[in-house]
Amino acid sequence: MEPGAETSGDAWEALLGPLREEPRRSAVLTDIDGTLAPIVERAEAAAVPAAAREALAALNERFGLVGCVSGRRALEARELVGLDELAYAGNHGLELLLPGEAEPEADPSISGREREAAEFLATAPAALDGAGLRREDKGPIQALHWRGAGDETAAEARARELAVAAGKAGLEPRWGRKVLELRPTGGGGKDAAVASLLAADGVDRAVYAGDDRTDLDAFRRLRELREEGDLEVAVCVGVLSPEAPSGLAEESDLTVSGPDGWLALLRWLAG
Ligand SMILES: [Mg+2]
């Protein structure tokens, strides 16, 4: 759709009516940061509003599947959302935490390479601290944040240099909202995450909402599942913000304005 185009009301009914009509056959999948929880200066201070938690809990009672897909580790994602009964795909799909399970399953495709990114940073050509990059250790994924750095532009420039060096070292750099993530190649991805979650029996309709570049992988996979016949209905919701990556609005079936807009849509689905 066109960037900035507003969708609501009739568009919701036309696109998502089939999910409301057959909730047991339907899945609601959502990114967390920037989609359910407003972006805050430091990721550890993020919170999912009580109203969003209530809407997801209500949906989970009626829908075939409600799942959260996040770049956070799966257990951290579940703690943030606060609902043990949902499914969680964490670390951009490298971890899958099913309802009520104590520990996530790790993606076997990166087995033995879990320390590659941490080892790269340990030997990276220059210190991170001087550039204002804040490191977050997510096991196989090492995240470098520059939100709130004294000089965000300089910190981002340093991140770009590191991304090039990491690529040469055989790692995969991925970009998000003021964050660079370094990870082993292959495996995971929000595309793999949605495919794993949607393997649930009896689900053939799905909506996915996200605000960032990595969510576009989920959008693409959802459409492939529809083209392959595994899904009858696939709806991609772009959660817009001033930091939205290029392509988000164009690749969305409908857009909402920030986490408040997605919450309104979740409530409409539950209603
Ligand atoms: Mg997000």
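Residues numbered from 1 in each chain as written. Predicted model: local features only at pLDDT ≥ 70, side-chain atom pairs only at ≥ 80, totals over all residues. Heavy atoms only, no water.

Caption draft 1: Inspection of unusual backbone geometry at higher detail. Phi at Asn91 is positive, roughly 50°, even though this residue is not glycine. You can see Asn91 is positioned in the loop between β3 (87-90) and β4 (95-97). Here His92, not a glycine, exhibits a phi torsion of approximately 55°, which is positive. Summarising the element assignment, His92 is placed in the loop between β3 and β4. Under the relative-accessibility criterion, His92 is labelled buried at 7%. (Helix = DSSP H or I, 4+ residues; strand = E, 2+ residues; numbered from the N terminus. Buried < 20%, exposed > 50% of the residue type's maximum accessible area, 1.4 Å probe, protein only.)

Caption draft 2: Representation of the domain arrangement of the chain. Along its sequence, the chain is carved into domain 1 (11-107 + 189-270) and domain 2 (110-184). A separation of 26 Å is found between the C-alpha centroids of domain 1 and domain 2. Between domain 1 and domain 2, the residue contacts involve 21 residues of the former and 17 residues of the latter. Seen at the junction of domain 1 and domain 2, the total is four salt bridges. A salt bridge links Arg177 to Glu243; the nearest nitrogen and oxygen atoms lie 2.8 Å apart. Counting across the interface, domain 1 meets domain 2 through nine residue pairs in polar contact (both at pLDDT 80 or more). Its residues placed into classes, the side of domain 1 that touches domain 2 shows three nonpolar, seven polar and eleven charged. (Domains from an automatic or database assignment. Contact = heavy atoms within 4.5 Å. Salt bridge = Lys/Arg side-chain N within 4 Å of Asp/Glu carboxyl O. Polar contact = N/O pair within 3.5 Å; in protein donor to acceptor, adjacent residues only side chain to side chain. Nonpolar A, V, L, I, M, F, W, Y, C, P; charged D, E, K, R; others polar.)

Caption draft 3: Here's a closer look at the packing of helix α2 (residues 50-62) against helix α8 (residues 258-270). Relative orientation of the contacting elements α2 and α8 amounts to 30°, with a least axis distance of 9 Å. On the basis of the axis angle, α2 is roughly parallel to α8. As α2 runs across α8, the sense of the crossing is left-handed. Note on element contacts: α8 touches α2 through Leu263, Leu266, Arg267, Leu269 and Ala270, opposite Ala51, Ala52, Ala55, Leu56, Ala58, Leu59 and Arg62. Among the residues forming the contact of α2 with α8, the class breakdown is ten nonpolar, no polar and two charged. (Axes fitted to C-alpha atoms, helices over the stretch in contact; angles between N-to-C directions. Parallel < 35°, antiparallel > 145°, perpendicular 65-115°, else oblique. Left-handed = near helix turned anticlockwise from the far one by under 90°.)

Caption draft 4: Spotlight on the nonpolar core. In this structure, Leu36, Val81 and Trp262 are the most contacted members of the largest nonpolar core, which totals 37 residues. Going through the elements one at a time, α1 (10-21), α2, β2 (65-69), α3 (74-81), β10 (205-210), β11 (233-240), β12 (254-257) and α8 are the ones with two or more residues in this core. Among the elements that make up this core, the one with the highest residue count is α8 (six residues). Discounting residues that sit within four places of it in the chain, Trp262 has contacts with Val28, Leu29, Thr30, Thr35, Leu36, Val207, Ala209, Val237, Val239 and Val256. (Core = buried A, V, L, I, M, F, W, Y, C linked by side-chain atoms within 4.5 Å.)

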